[in-house]
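One-letter residues, chain by chain:
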Amino acid sequence: MLRAAGVGVGDEVVVPAFGNVEVAEAVVRSGALPAFADVDPVTYCLDALAVEAAITPRTAAVVAVHRFGRPADVGRLREVGQRYGLLVLEQAEPDAPYDEVAQRRERAAYLDVRLRGVRTPDGGDGHTYQQYVVRVPGNGRPDRDAFARALRARGVDCRVPVRTPLHRLSGLRRHVSLPQTELAADETLALPVDASLTKRDMQRIVSACNALGGLLQPAF
């Protein structure tokens, strides 16, 4: 799509550094350079103000990536694109059957009202919970990685969604300030909300998280 739009050598394309290395690699394959902008701390999608701040005379396009089942604010990004004459593309997540999405939302709602000691996701409009991503602060005890290890020891299949932002990877490294991206990479943890989970499974997740949550900072 980038090549078809005439994006190529000498151009820059604004993309998120929070995950989706394939998007940045597609920009490189087109001959252009990826320019990383910060994400919104609630949606983990590109922040429109950060995108605007990243625009240079070489910027030709923006790629909006939907994250964890939460859609990016494409409307605001298109407004930015129109002001600067930029192409705005979307990287959508795979669709899931309606019944599966409904069950994930049901499990997410169960966690929302029962979890303590972690920051639960803001559901927002249209969230399909491809992943149920909570925040575990790094200045508490334990931090996210220690918290994840303790959950796994209790039988909870959790995962770190993005361990290293793209702007810190070899081959894509950029000296750019992305504080929300860095913080999200340090604090986020995906808990299971698969449709196959039973009520007992959900209770185990809550029990394990809440047993550890008391060790975190009072602000959470």
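Residues numbered from 1 in each chain as written. Predicted model: local features only at pLDDT ≥ 70, side-chain atom pairs only at ≥ 80, totals over all residues. Heavy atoms only, no water.

**Q** Would you mind showing me how to read the overall build of the chain here?
**A** Assigned secondary structure in the chain consists of 7 helices and 6 strands. Ordered by position in the sequence, the α and β elements of the chain form the string β-α-β-α-β-α-β-α-β-α-α-β-α. By principal-axis analysis of the C-alpha atoms, the chain measures approximately 55 × 40 × 25 Å. In the chain, which comprises 220 residues, the proportion classed as buried is 50%. Accessible area of the chain: about 10,900 Å², with a carbon and sulfur share of 49%. If the 28 positive side-chain charges of the chain are averaged to one point and the 27 negative ones to another, these points end up 6 Å apart. (Helix = DSSP H or I, 4+ residues; strand = E, 2+ residues; numbered from the N terminus. Buried < 20%, exposed > 50% of the residue type's maximum accessible area, 1.4 Å probe, protein only. Areas by Shrake-Rupley, 256 points an atom, 1.4 Å probe, with all protein chains shown as cover. Lys, Arg positive; Asp, Glu negative; His and termini not counted. Charge placed at Lys NZ, Arg CZ, Asp CG, Glu CD.)

**Q** I tried to follow helix H5 (residues 144-153) on my own but got confused; where do I start?
**A** Along an α-helix, residues three or four positions apart point the same way, because every turn accommodates 3.6 residues. Within H5, the full set of buried residues consists of Arg144, Phe147, Ala148, Ala150 and Leu151. Projection of H5 onto a plane perpendicular to its axis shows the buried side chains occupying an angular sector of 165°, all on one side. Of the exposed residues in H5, those oriented more than 90 degrees away from the buried face are Arg149 and Ala153. Once H5 finishes, Gly155 follows within two positions and takes phi at roughly 85°, a positive value. (Arc of directions from axis to C-beta.)

**Q** Is there a simple way to explain the pairing of strand S5 (residues 132-135) in this structure?
**A** Two faces belong to every sheet, and in a regular strand the side chains alternate between them. Burial along S5 is two-sided: Tyr132 and Val134 facing one way and Val133 and Arg135 facing the other are all buried. Bridge count between S5 and strand S6 (residues 188-191): 4 bridges; the pairing is antiparallel. Residue Tyr132 lies in a different strand from S6, and its bridge partner there is Leu191. (Pairing = 2+ DSSP bridges.)

**Q** Quick question: what am I supposed to make of the nonpolar core here?
**A** It is characteristic of soluble globular proteins that their nonpolar side chains tend to be buried jointly. Grouped together as the largest cluster of nonpolar side chains are 26 residues, with contacts concentrated most on Leu111, Leu115, Tyr132, Leu151, Leu189 and Leu191. For this core, the secondary-structure elements that each account for two or more residues are helix H4 (98-114), S5, H5, S6 and helix H7 (199-213). If one sorts the elements of this core by residue count, H7 sits on top with 6 residues. Look past the residues within four positions of Tyr132 in its chain and what remains in contact with it is Ala108, Leu111, Asp112, Leu115, Thr120, Pro121, Leu189, Ala190, Leu191 and Val193. (Core = buried A, V, L, I, M, F, W, Y, C linked by side-chain atoms within 4.5 Å. Contact = heavy atoms within 4.5 Å.)

**Q** How do you make sense of the pattern of salt bridges when you look at a structure like this?
**A** Between side chains of opposite charge, pairing is possible as soon as their charged atoms come close. Within the structure shown, the criterion is met by 8 salt bridges. Taking the shortest distance from any N to any O, the salt bridge between Arg83 and Glu52 comes out at 3.1 Å. Taken together, the residues Arg83 in helix H3 (residues 74-84) and Glu52 in helix H2 (residues 48-54) connect sequence positions 31 residues apart. For Glu52, a relative accessible area of 24% puts it in the partly exposed group. Glu100 is paired through a salt bridge with Arg104; the nearest N and O atoms lie 2.7 Å apart. You can see Glu100 and its partner Arg104 sitting in helix H4, 4 residues apart, about one turn around the helix. (Salt bridge = Lys/Arg side-chain N within 4 Å of Asp/Glu carboxyl O.)

**Q** What is the right way to read the side chain of His167 from this model?
**A** Along the polypeptide, His167 turns up in the loop between H5 and helix H6 (179-187). For His167, a relative accessible area of 3% translates into the label buried. In this view, His167 contacts Ala17, Phe36, Leu172, Arg173, Arg174, Val176, Leu178, Thr181 and Glu182; residues no more than four positions away in its chain are not counted.

**Q** When you look at the state of the cysteines in this model, what are you seeing that I'm missing?
**A** A covalent bond bridging the sulfur atoms of two cysteines is what the word disulfide describes. This model, assessed by the stated rule, comprises 0 disulfides. Sulfur of Cys209: no disulfide; nearest cysteine sulfur belongs to Cys158 and is 7.7 Å away. (Disulfide = S-S within 2.5 Å.)

**Q** Any chance you could explain unusual backbone geometry here in plain terms?
**A** Generally, phi is negative for residues other than glycine and the peptide bonds are trans, each holding for most cases. Of note in the backbone geometry, Tyr44 takes a positive phi value of approximately 65° without being a glycine. Structurally, the position occupied by Tyr44 is in the loop between strand S2 (33-37) and H2. The phi angle at Phe68 is positive, at roughly 65°, despite the residue not being glycine. Turning to its location among the elements, Phe68 is positioned in the loop between strand S3 (59-65) and H3.

Geometry only, nothing functional implied.
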